[in-house]
Amino acid sequence: MTQLRTCDQAVLDMNRRKFLQLLAFGGASLLTAPFLFPRLSSAGSTEAILLTCMDYRLTAEIEQYMEGRGLLHKFDHVVLAGASLGAVTAAHKSWNKTFWEHLDIAEQLHHIKEVIVMDHRDCGAYKVMLGPDHTKDPDTEKNTHAKQLHLLRNQIGKKHPTLKVETLLMGLDGKVEMIA
Ligand SMILES: [Zn+2]
């Protein structure tokens, strides 16, 4: 989340600088300058919030997957180590809180309709928090992810009953399995 905050802050700082420059030069189209509110026009079309792990190996694959579904630039993105596990683990209560707060904001600001939770195979956070045995073979690994994904899906269903929830597992090759 530090990354997101840093990014948002950088955009704000940039916009503030441009705003002051415009004031200094008496820009006539100040109120309609698009870069001041770059996301405002598209905020209404945000479809979903996506929760993924922070693993750098899958950043491009995640973007490709979302693009393939026609959701590029139509989703908010929350990143927690372990994705679903990060949102439900008792080991990191502050991470749980971060997820719920971001979900609240996405719903209030962007009126999202869906939560997409995407775990991934060979997840280091799973190994650290649950131990290496949980990922010892593909089926055990899938079942371990399914357990956390179901837990989070149930919690979202209780707190946000109008939101659709999708639970996914991405392989290191970028292929995505739906976890029913
Ligand atoms: Zn991971």
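Heads up: the structure comes first, above all this text.
Below, the structure is looked at part by part. (Residues numbered from 1 in each chain as written. Predicted model: local features only at pLDDT ≥ 70, side-chain atom pairs only at ≥ 80, totals over all residues. Heavy atoms only, no water.)

1. Some remarks on the nonpolar core
Formed by 27 residues in total, the largest nonpolar core has its most connected members in L51, F99, L103, V115, L152 and I156. When residues of this core are traced back to their parent elements, those giving at least two are β1 (48-52), α3 (84-88), α4 (93-110), β3 (114-120), α5 (124-130) and α6 (138-159). Beyond its immediate stretch of four places on either side in the chain, I156 contacts F99, W100, L103, V115, V117, P161 and V165. Membership of the second largest hydrophobic core comes to 12 residues, among which are L50, L58, I116 and M118. (Core = buried A, V, L, I, M, F, W, Y, C linked by side-chain atoms within 4.5 Å. Buried < 20%, exposed > 50% of the residue type's maximum accessible area, 1.4 Å probe, protein only. Helix = DSSP H or I, 4+ residues; strand = E, 2+ residues; numbered from the N terminus. Contact = heavy atoms within 4.5 Å.)

2. Considerations on the pairing of β1
Most of β1 is tucked away: 5 of the 5 residues are buried. Here β1 shows no split at all, with A48, L50 and T52 on one side and I49 and L51 on the other all buried. Each parallel crossover has a hand, and the one from β1 via helix α2 (residues 59-68) to strand β2 (residues 75-79) is right-handed. In this sheet, β3 lies alongside β1 in parallel orientation, the contact comprising 5 bridges. Bridge pairing in β3 links I49 to V115. (Right-handed = clockwise from strand over helix to strand, strands pointing away. Pairing = 2+ DSSP bridges.)

3. Remarks on the environment of M54
Note that M54 resides in the loop between β1 and α2. Residue classification places M54 among the exposed residues on the basis of a relative accessible area of 59%. Other than its neighbours up to four places away in sequence, M54 contacts V79, L80 and A81.

4. Points about the coordination of the zinc ion
Every protein donor of the zinc ion is accounted for by C53 (SG), H120 (NE2) and C123 (SG), and the metal-donor separations fall at 2.1 to 2.3 Å. Motif for the zinc ion, donor spacing along one chain: C-x66-H-x2-C. With C53 in the loop between β1 and α2 and C123 in the loop between β3 and α5, this pair connects stretches of sequence that are 70 residues apart. Grouping residues by exposure puts C53 and C123 together as buried. (Donors = N, O, S within 2.8 Å, 3.2 Å for Na, K, Ca; no water.)

5. Remarks on the packing of aromatic side chains
Enumeration over the complete set of coordinates arrives at 1 aromatic pair. The positively charged end of K159 is found above the aromatic ring belonging to W100, 4.2 Å away from the centroid. (Phe/Tyr/Trp six-rings, centres within 6.5 Å; stacked < 30°, edge-to-face > 60°. Lys NZ or Arg CZ within 6 Å of the ring centre and 35° of its normal.)

6. Considering empty space enclosed by the protein
By the definition in use, this model includes 1 cavity of 30 Å³ or more. A volume near 40 Å³ is recorded for the largest cavity. What lines the largest cavity is simply T52, C53, D55, L58, I62, M118, D119 and H120. It is β3 that contributes the most residues to the lining of the largest cavity, 3 residues altogether. Of the residues belonging to the lining of the largest cavity, the class tally is 4 nonpolar, 2 polar and 2 charged. (1 Å grid on protein atoms, 1.4 Å probe; cavity = no way out; pocket = protein on both sides within 12 Å on 5 of 7 lines; lining within 4 Å. Points joined across faces, edges and corners; volume = space filled by probe spheres on them. Nonpolar A, V, L, I, M, F, W, Y, C, P; charged D, E, K, R; others polar.)

7. Focus: the packing of α4 against α6
Running from N to C, α4 and α6 cross one another at 45°; their axes reach a closest spacing of 13 Å. For the element pair α4 / α6, the angle class is oblique. Crossing of α4 against α6: the hand is right-handed. Seen from α4, the contacting residues are F99, W100 and L103; seen from α6, they are L152, Q155, I156 and K159. (Axes fitted to C-alpha atoms, helices over the stretch in contact; angles between N-to-C directions. Parallel < 35°, antiparallel > 145°, perpendicular 65-115°, else oblique. Left-handed = near helix turned anticlockwise from the far one by under 90°.)

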